Structures are given as structure tokens and as C-alpha cells.
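# Reading the structure
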Amino acid sequence: MKLKHIISTDLKLASMSDLVSSLLETMSDSHVSSVVITDNSHHPVGIFTEFDAIKIVASGIDINNFQVKDIVHSKDLFVLDENTEIYKAFDIMQDKHYRHIIAIDSDKKIKGVATQSDFLKYLDTEILIKLKTTADVMTPNVITMTDDYSLADAAGLMVHNQISSLVIVEENTNIPIGIITERDMVKYANQHHNFISIKDVMSSPVQTIHINDTLSLGVSKMSQMGIRRLVVVDDKGALAGIITRHNILKSIQSKKVEILSQTVRQKNYELEIIKKQDEELKLLDIALRSSANAVVITDINAIIKWCNRAFEELIGYEIKEIIGKKPKDLISSGLQTREFYEILWNTILSKKSFKGEIVNKKKDGTLYNERLTITPIIDETDEITHFVAIKEDITALKNMQKSIIENEARFKNLFDNAPLPYQSLDEHGNIIEVNRAWIEFSGYDREEVFGTFIGDYLNPEDYKILHESFNKFLIDGELKHKVFDFITKNNGIKTIEINGKTSYDSVIKKIFTHCLLTDITEKKAMQDKIHYIAHHDILTGLPNKISLQDQINQAISKANRKHQKIALLVLGLDRFKDINDSFGHGIGDEILILIANHLKDIVKESDFIARLSGDEFAILLEDIEHQEDCALIADNLLSKINTSYILSNNVTIYLSASIGIATYPNNATGAQTLLQHADATLYLAKREGKGKFRFYNNELTLIARKNLAFSSNLQESILKDEFVVLYQPQIDIKSGKIIGAESLIRWHYESKLISPKDFIPLAEERGLITGISQFVIKQSCKDLAKFLTFCNHKLKLSVNISSLELGDITFKENLLDTLRIFNIHPNNLGIEVTESIFIKDIKDAINILNSVKDSGFMISLDDFGTGYSSLSYLKKLPLDILKIDQSFVEGVPQNSDDKQITKAIISMAKTLNLKVLAEGVETKEQLEFLRNEGCDYYQGYYFSKPISALEFIELLKKDNECVA
């Protein structure tokens, strides 16, 4: 090998007149170790190296105006002819201790530069260095310096010792922390180096090698990192020496004989290789001739020089028809494009192998598919001499592939267009395939889901079920009707049912699952809706009686386990039937919804609320310790519910409720009896005063049974007219004369007269009040006809009329018909209405009462001040008499509040030109108070209790003449 084969031709050149600073910039920017100085004839006259840069730094001179000729001298030049043998050039360079050789041609013109690195790269040194260690070639005595010196100090030390690098160590430890090289000097030679610290320039950390590492490792490391030297350290990391490319080359130079000997051995080895290759070529020739694949060898011009028997059989030509021809003249089908052949020739002419598939034609015209590989044969001058083509008939394979592709296409079409989402998972639950329906169903892209875990798409609450089901699926090989919540890409939730089977791949020994997904979201929603409807009240949205019974059973089980108590509160609205009858069911429903929402706000989330039926609600309390706890809760409920409400028709009404309470296990053995007892207690609470709560006791069961029989007998008694009408006289306070009477009904039951307060609520609840009212009116008119024969025709009977009857459009006509039957004038019959008429629209109430008034009937307002009325409307009503409720009268004259209320009612009535009648007068003191305050009439036990018609006639006889 000649010197010209290893030189670097990418040179940096300069002239003697160039500035030194320009050379330094060139070397720094281009990372070269030297610049060759040439004359005008391109002859080398000098060289500027990195060591020259060190001298500049060491001298401390200002080089701004220095030219190359001021520093470079021709005596530093080492020139050799480019055809010099590489080993000879190496020996000369080592003997003269040069680091650069300038190669010139026969005209003495520069051709390139060779450095130590170039020789190290091209010399066969492996045999010489692979058994050596770093310690064998390193320079042990290394010049060092600490980092508190300047760059100029370092350069001076390097020049003085004629070294190309300087190791920087820690003070007192000899641990290497940096290195300064000639390349660093090149970089900073243009600067004011007197003020540059070593610490700012040195390369750190240092690239090191252990003293016992092999030399080959050091060479490899220097080559990979592109560096010229390595710092050698011992076991403690302390500096042991330095190894440079120069050290390696010097070691090689001292072994020149070994190199030459190795070269001889290498040549002998190569001869042995050639001999073996000859034998292999013979075997190869036999193999090629016997190969099942067709083999063709052409020259550079594609003329066939050789082919094997398989090629003859493939194309149908004989050997004599083939040799000397071009393949395209024999087998070209004309189906390949020009681009195909351009790529083929561009590939093989670039000395690369071409592989591809082509359609060719046999001698008989049959087309066949061929897999083709063409490899160029290159000689020792790196030139192509021949081409070897290996041809394989793949027609059957292509047909099979075509069939597979068609089948796969058909399967893919079926798979992608399957109506149900499909997924295939590996044995870890990761998705390996989904179809189009799955993608559309989920909203994800196909690429997003491949390789992801199926659990990522399911509700986290289903993880445990998924884990158990999937493991069982892998074992059983089948999955049926498993339901999960699937989370779509837009965070929607769909309920899916999964059915699937597994398959086992015996080749890779893995299990795969194949599942169809059915979207049952709507089906489940319908089931949930049906379940909801079955277990909830549609109007209020609260759980219904069925849900309540389930909840009570669960609470009882829990209470038994934990030895706790539970309580059931049944809440019912008072007078709700009046509200419903007066306003209609629309307003009634509005109130029920209002109360339901109110209960939700009042009751704790841990307690259970349900609507039973009608106006009844239930509250289930768990973990009750004392009965007082229930009392506090019930009292709180009533205090918040018993208040005024504004309805959608802008009417303000006052609502109240009653509560019945039963506890477990004190009052019941199960859910049914607990509910039954709480309901019975509510009924008693309503009868005893409304707006209160009551606890269950054993007597209530007997009362409930009695009420049941009571209700049944009440209905039968209406049919048989088993009622009695009594009359309580109404007296003029000034004259003491009877002016009329109030008709009061009694039920003749089991030889006793039952008070209205004991059966009227029951009659209202059972819808029997209309029949009773008709009986009272008819009997009152019949008796009134008799009364009038014993008194002047100004006597008046007052009959109580419910808001339900008053709202009946046939009420007035039916009343007039009854009067005509008994020949009674409307002036002798008064109707008493309670303030419940104000529950309905006030305008309707005024219209109805005006119609009744116009027919001649007297109108009294009963129980004034205890109901729902608004005083602002009182003056608009066509009233004759205002009745003061006995609850106010019984407190006078002792109770100051009752006195003031009674006075106010009397005063207001006078202002409105109304007569005032006080109810429940039982003492002389009460009568005197009322007389003094200007009350007009009274009734009560002080004068007479309610009496029969015959007894009332006797009173009329004694009273001589009645007054108006």
C-alpha cells in the first residue's frame, strides 16, 4: 500500500503572507491539526501545526499583526513522494519524530497530508496490540499542573517539555480532573491568554482508561470518541500515565519485524483461503447446476454466459437456444413497466443486489410469476464484471396467495360488516382485533385500541367481576350473558352483554378469546324503568309502599344483627280531602309534590322516605336508641310542614299534618305489622286533634278493628237512615228569645247516639258525607215545617253545608226542590259554611254564595278564625251572620287573649254590618261579657243542649213568641 492511499486530501492551505490569527481561526473552526503553507506554484514551503499554537500561547506575544512567515520555517517541513510504501513512510516518520508527512507528486506539488492517526488506521496492528495492556505502551512520567494556573503558564510548561498535552490534577491527591491539549491552545491562541484560567479551558471530566485494560480497548475507545489520548489511572483513580496515538505507533515501529512476519503469515493464510475457495467454487458449481431454482449468469451487457438445468426447464428452451441471448429476448412478457427496469438496472449498476417479483413468459407463451434476485460480481478493481440471477417459479404460491387474499377479503368484509360489535383478546385481556361495528359502537379509532387492556373501557366498578369472569372464561372456553357498563370515547356509558368462546393456537401455544357484544342499554333502561315504576310513586318520585316494605325488611335484618331499634313514621295531611274536593286533583297533586320535596329537604339522607297512598307518607328511621329521638324528629317535621303555602293559582293556604309512630321490635313483629300499626296510629292522631304526632300502643289495634266495623256499619246506616237530627236553640242576647236553631246530626249506633266528631271525619274519608248531608237537609226541612206552626214565620234553621256540596252545580236547585216539598220559604233556612270555601278560588266562592243569597237563603260563616280565610276577602262575601268559634268563647272572660280576639271579631262584624253569633256559651259570665261587647246571638249549654224536635217544640211553646 502506498502513501497516497492513506493521505487526507481535504487540506487547509495558506501562504506565507497570511496572518497567523487567520490560520488559528481556520484550524479551530475546521478541527484540523495543521495548515500547509504553499507558494504560488502549489509547492509546500512550510507547515503550521498545533504545537506552533502552543508556542504562541507560551510566548504571550500579540499575534494580531503577525504573518505566517514570521513563525513558520521550511526546516520544519517533512515531504515524501506519494508513491512511497506505507511502511517505509512510517519508519521515516517515527525515526525523525514527525507527526505530519506532506505527500507530493512528481512535480513537487502537494497532494495531501498523513498523520499518526492515518497510519494507526491503516496499519495492520491488531495482532500486535491485542495481547498488550495499557501499561505496556503508556508514558508513565506525566507532566501535571493544578487548575489555579493560567493558560499561558500551561503553554510555557508544554513548550519547555516538548509535550502536546498537560494533565490537570487535584492538589495533594494526584487525581486527574482535566486535560489541556494542543487543540485547546489553537482555540485560545487568538485571545489574551495571560488572563485565561486553566479551569475555564481544560476538558473535564477526563477520558480515562485503567492501567490494566488491554491496549486494544484503548485504541477502540480513542477511535470511537475521536480523541488522540487517554489518561491512565490506577485502582484508586490516581494518575498513572498517559497513552497517545504516538505511543501506539512507537510500539508498533519497534516491532517492525513482527509486522513483516505477520504480513508473510497473512499472505500464506490468504493462499490457503484461495485454495479453499477453489474447492468451494467447485462445490458451488455442482450446487448451482443441481439447484431447484433457476440460476443465470450474464456479462455486464446482460448476455447470458451460463445457466443451469433448472432454468432450461423453467422457460422451455434448450441450452443452445439460451447461451449468447439476453433474458429479455427470451422470456419478457411485456407486462413490467419501464420504471421497474429502471429501478432494477440502477440498483445492480450501483453494485447492490436487486430483489423483486416479475411476470415472465415461457417458450410456449405461458405466463408465470418469478421471484428474482440479481447480484453484481465485482473484481479486485471494484468493477462489475458479471451478474448472477437466481429465479424461483412462484406461480403456484402467487395463486395460493391470491386465493388467501380473496378469502381474507371475503372474511374481512363479513367481519367488518357484521351487525354486532366483535372483539378478540389475548390471554391477558389485551385487544388484538375489533370490527367496524365495535369501532362505531365505542367511538374509538382502530389504532387507539389495539394492544390496550379491555378493562380500560369498562366501568371501574366492574373490574372485580371482569377479573373473575375472564379467568373462568379462559378455563371454561365459553362466556355467556355477562353484563358490563362500557365507557365510550365521549364518556358515554352503554350497557353491554358479552357472549364468546376461546381458541387455542397450538403453534405459539396461546389462548385467544372471541366475543360478540350486544348493546342492551335501552333494554336495561326499560327494565330499570319498569323496576322504578314498580317501586316508586310516579307523582312524587318517592319510593312506594313496595320499596318501603323491602327497606323495612332490610332494616329489621340489620337491627336484629346489631340489636338495634327502628321506627316508622306515617305522616298524613289534615283535611286533604277538602283541598282535593275544592281545588281539584291538579292542585291536590301539586301539594303532594310540594310536601314530598319538603320532606326530602327536612329528612336526613340516611333515612328512607316513601309515599304510601293519597296524602300519606312514611319515614323509616334506623338505629333508634330512645323513643324521645322519634318524638324530636316528628316534632321537627310537623313544625316545618305545618305552615302556609302559596299554590300555583296564587292562593295561600295553611297545611297541617299528623304523624303516627310505631317501633320495632316494641310494636311489631315484621314489616307488615309495623306499617299497619303506624298507619293506625296516624288515624287516631288525626281524630284526636290534627297537627300532632302519636306513638302506637296495643289499644290502637282494638281501635283500628273497631273503626273498621264502624266504617262498615256507617255505610249501612246511611242506607237505612239510622240518623237523628237534634236542634240547638239560638238565642237573641237582648231579649232572651229563641230566634232559630242549628241542625246537628247524631248517629244512632248500638243503642247510643254518636257525636258527629266521631263519625263525620270517617264519613268524609270514605266519601259518605253527601248522603248524610242530604238526610240532614231533608229531616231539617220536615221538622221546620212543624216548628213554624208553633212560632211566627221568622224562625230560621241553620244547616251545615260542606264545600264539596256547595261546589255542586245542582246543590241550589236540589235545596229549593226540598223546600217546595215541605212548603218552606228560603228565608226560614240558613246555610252555614266553614272557612274551607276559601281553599278554592275566592271568586268562585263569591259567585256561588251570591247565587244562594239571591235565592233568599241566610248565610252564616261558621268557626270563624280557625281556618284558612283571608280577612281581606271577608267584606266581599255575601254573609249575614259571623259565628265566633267556641274555642275563643270558652276562655272569656278569664283569658285575656280570647277576650281580645272575641272583641275584635265582634267589632269587625259590626263594621261589615254582620250579625254575630257566639257558639259554646256555658256560663253566665260568658253571656254577660258577650252582651256587654254587643254580640247579637248565642247558643250553648247555658241555655240548652242539642235536643230532639219534640223537645224543641216544647221550648217554642214556653217561649210564647219567637223574635227575628
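Residues numbered from 1 in each chain as written. Predicted model: local features only at pLDDT ≥ 70, side-chain atom pairs only at ≥ 80, totals over all residues. Heavy atoms only, no water.

## Considering the overall build of the protein chain
A tally of regular secondary structure across the protein chain gives 37 helices and 38 strands. Relative to the 2.2 N^0.38 estimate, which gives 30 Å for 964 residues, the radius of gyration of the protein chain is 60 Å and therefore markedly larger than a compact globule would have. The principal-axis extent of the C-alpha atoms belonging to the protein chain is close to 175 × 90 × 55 Å. Residues counted as buried form 45% of the 964 residues belonging to the protein chain. When contacts within the protein chain are restricted to residue pairs at least 6 apart in sequence, long-range pairs at least 24 apart make up 59% of them. Surface summary for the protein chain: the accessible area is close to 50,500 Å², and the carbon and sulfur share equals 51%. The distance from the centre of the 112 positive side-chain charges to the centre of the 135 negative ones in the protein chain is 3 Å. (Helix = DSSP H or I, 4+ residues; strand = E, 2+ residues; numbered from the N terminus. Rg over C-alpha atoms; globule rule 2.2 N^0.38 Å. Buried < 20%, exposed > 50% of the residue type's maximum accessible area, 1.4 Å probe, protein only. Contact = heavy atoms within 4.5 Å. Areas by Shrake-Rupley, 256 points an atom, 1.4 Å probe, with all protein chains shown as cover. Lys, Arg positive; Asp, Glu negative; His and termini not counted. Charge placed at Lys NZ, Arg CZ, Asp CG, Glu CD.)

## A short note on the packing of helix 2 (residues 50-59) against helix 7 (residues 151-160)
One can describe the packing of helix 2 onto helix 7 by two numbers: an axis separation of 7 Å at closest approach and a directional angle of 125°. Overall, the two elements helix 2 and helix 7 adopt an arrangement that is oblique. When the axes of helix 2 and helix 7 are compared, the crossing they make is left-handed. Contact with helix 2, carried on its side by F51, I54, K55, V57 and A58, involves L151, A152, A155, G156, M158 and V159 of helix 7 and no other residues of that element. Its residues placed into classes, the contact of helix 2 with helix 7 shows 9 nonpolar, 1 polar and 1 charged. (Axes fitted to C-alpha atoms, helices over the stretch in contact; angles between N-to-C directions. Parallel < 35°, antiparallel > 145°, perpendicular 65-115°, else oblique. Left-handed = near helix turned anticlockwise from the far one by under 90°. Nonpolar A, V, L, I, M, F, W, Y, C, P; charged D, E, K, R; others polar.)

## Looking at the environment of R436
In this structure, R436 sits in helix 18 (residues 436-442). Between the C-alpha atom of R436 and that of L420, which follows or precedes it by 16 residues, the distance is 9.1 Å. Excluding residues that lie within four positions of it along the chain, R436 makes contacts with D416, N417 and R446.

## Observations concerning the packing of helix 23 (residues 576-583) against helix 24 (residues 585-602)
For any two helices packed against each other, one specifies the crossing angle of their axes together with the interaxial distance. The N-to-C vectors of helix 23 and helix 24 enclose an angle of 135°; their axes lie 6 Å apart at closest approach. Comparing the axis directions of helix 23 and helix 24 gives the class oblique. Between helix 23 and helix 24, the residues in contact are F576, I579, N580 and F583 and H585, I587, G588, I591 and L592, respectively. Its residues assigned to classes, the contact of helix 23 with helix 24 comprises 6 nonpolar, 3 polar and no charged.

## Description of the sheet that holds strand 12 (residues 239-244)
Across the sheet, 3 strands lie side by side as 10-11-12; this open sheet has mixed pairing. Because the sheet does not close on itself, it has two edges, and the strands there are strand 10 (208-210) and strand 12. If you compare each strand with its neighbour and ignore which way they point, the axes differ by 35° on average. When strand 10 meets strand 11 (residues 229-233), the two strands line up parallel, connected through 3 bridges. Bridge pairing links H210 to V233 in strand 11. Contacts between helix 10 (residues 215-225) and the sheet are confined to strand 10, strand 11 and strand 12, with strand 11 contributing the most and set at about 135° to the helix. (Pairing = 2+ DSSP bridges.)

## Examining the packing of aromatic side chains
Two measures describe an aromatic ring pair: the distance that separates the ring centres and the angle between the ring planes. For the structure on display, the rule yields 17 aromatic pairs. Relative to Y457, the ring of W438 has its centre 6.0 Å away and its plane inclined at 85°; by these criteria the two rings are edge-to-face. In this pair, W438 is assigned in helix 18 and Y457 in the loop between helix 19 (446-449) and helix 20 (463-476), connecting sequence segments 19 residues apart. When its relative accessible area of 0% is taken as the criterion, W438 is described as buried. Relative to F486, the ring of Y457 lies with its centre 6.1 Å away and its plane at 10°, an arrangement referred to as stacked. Of this pair, Y457 sits in the loop between helix 19 and helix 20 while F486 sits in strand 20 (residues 478-487), and the two are 29 residues apart along the sequence. For the residue pair Y457 and F486, the accessibility class agrees, reading buried in each case. Through a chain of ring-to-ring contacts, three or more aromatic side chains come together here, namely W438, F441, Y444, Y457 and F486. Above the plane of the ring of Y368 lies K362, whose end atom (NZ or CZ) is 5.8 Å from the centre. (Phe/Tyr/Trp six-rings, centres within 6.5 Å; stacked < 30°, edge-to-face > 60°. Lys NZ or Arg CZ within 6 Å of the ring centre and 35° of its normal.)

## Quick notes on helix 24
Between its terminal C-alpha atoms helix 24 stretches 25 Å, which fits the 26 Å expected from 18 residues at 1.5 Å a residue. Taken together, the buried positions of helix 24 are occupied by I587, G588, I591, L592, I595, A596, L599 and I602. (Expected span 1.5 Å × (residues − 1).)

## Comments concerning the confidence of the model for the protein chain
When pLDDT is averaged across the protein chain, the result is 84; 91% of the residues are at 70 or more. Within the protein chain, the lowest mean pLDDT, 50, falls on helix 5 (residues 126-129), and the highest, 97, falls on strand 38 (residues 937-938). (pLDDT = per-residue confidence, 0-100.)

## Focus on the nonpolar core
Judged by nonpolar contacts, the single largest core of 75 residues is most densely connected at L714, F723, F759, I772, F787, L795 and F952. Broken down by element, the residue count for this core peaks at 8 residues, all from helix 29 (residues 769-787). Residue contacts for F787: discarding those within four places in its chain leaves Y727, L795, L797, A949, F952, I953 and L956. Judged by nonpolar contacts, the second largest core, of 36 residues, contains F617, Y645, L655 and A657. (Core = buried A, V, L, I, M, F, W, Y, C linked by side-chain atoms within 4.5 Å.)

## With respect to the side chain of D105
Along the chain, D105 falls in the loop between strand 5 (100-104) and strand 6 (110-115). One buried charge, D105, has no salt-bridge partner; the nearest side chain with opposite charge is K111, at 4.7 Å. There is a polar contact of 2.9 Å between the side chain of D105 and the backbone nitrogen of D107. Polar side-chain contacts of D105 include one of 2.9 Å to the backbone nitrogen of K109. The residues contacting D105, other than those within four sequence positions of it, are D81, E82 and K111. (Salt bridge = Lys/Arg side-chain N within 4 Å of Asp/Glu carboxyl O. Polar contact = N/O pair within 3.5 Å; in protein donor to acceptor, adjacent residues only side chain to side chain.)

## Looking at the pattern of salt bridges
With the rule as written, the count across this model stands at 27 salt bridges. Put simply, R309 and E312 hold a salt bridge, and the shortest N to O gap is 3.1 Å. Linking R309 with E312, this pair stays in helix 13 (residues 309-315), spanning 3 residues, or about one helical turn. Salt-bridge contacts for E928 lead to R931; the nearest nitrogen and oxygen are separated by 2.6 Å. Note that E928 and R931 are positioned in helix 36 (residues 924-933) at a spacing of 3 residues, about one turn of the helix. According to the relative accessible area criterion, E928 is partly exposed, its value standing at 33%. Residue classification places R931 among the partly exposed residues on the basis of a relative accessible area of 33%.

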